[in-house]
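Analysis of the macromolecular model
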Amino acid sequence: MKCVLYSSDATLGNIDISTLLGHAIENNEKLGITGFLISHSAGFIQYFEGDDKIVDELYKVICSDPRHHNVLTLLEQPITTRMYQEWDMGHVFIEDDRIINMLLQNDGLHWFEFLKQRTLFLYPNELTQQHAN
């Protein structure tokens, strides 16, 4: 098993985040991928984890997705346990650029753990229920 943490630039005004998350949740559930997405004024920071081969293939798709620009790998490493085993895809939008800058530092994974422990998240189950209505 492995994880990837990356950042990318994107014009969020051109992206329907709810639709993007709905598709990510469906795909990740099928692929056995779990993780968390942060959207911010300039793009995305995402952490995802799963089977090595599936993570590699998914990351190639992300890197070639025209919605992402300047994809930067912040961390890619083997893991023994999942950090987000309960979420096919958690999400939060962060407006504060200071928080984004902290997440982009080398210890960004520490900040993901910090955010996980807070109640900032739109839980995937709630999103799935919103799409079902």
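Scroll up for the structure.
Residues numbered from 1 in each chain as written. Predicted model: local features only at pLDDT ≥ 70, side-chain atom pairs only at ≥ 80, totals over all residues. Heavy atoms only, no water.

**Overview of unusual backbone geometry**
Positive phi values are uncommon outside glycine, yet asparagine 70 reaches one of about 55 degrees. Its relative accessible area of 60% is what places asparagine 70 among the exposed residues. (Buried < 20%, exposed > 50% of the residue type's maximum accessible area, 1.4 Å probe, protein only.)

**A closer look at the sheet that holds strand 3 (residues 43-50)**
Ordered in space as 4-1-3-2-5, the 5 strands form an open sheet in which the pairing is mixed. Looking at the sheet topology across the chains shown, the edges are occupied by strand 4 (69-78) and strand 5 (90-94). On average, adjacent strands in this sheet sit at an angle of 10 degrees to one another, irrespective of strand direction. Helix 1 (residues 17-31) contacts strand 2 (34-40), strand 3 and strand 5 of the sheet and is inclined by roughly 170 degrees relative to strand 2. The sheet strands contacting helix 2 (residues 52-64) are strand 1 (2-9), strand 3 and strand 4, and the helix crosses strand 3 at an angle near 160 degrees. (Pairing = 2+ DSSP bridges. Helix = DSSP H or I, 4+ residues; strand = E, 2+ residues; numbered from the N terminus. Axes fitted to C-alpha atoms, helices over the stretch in contact; angles between N-to-C directions. Contact = heavy atoms within 4.5 Å.)

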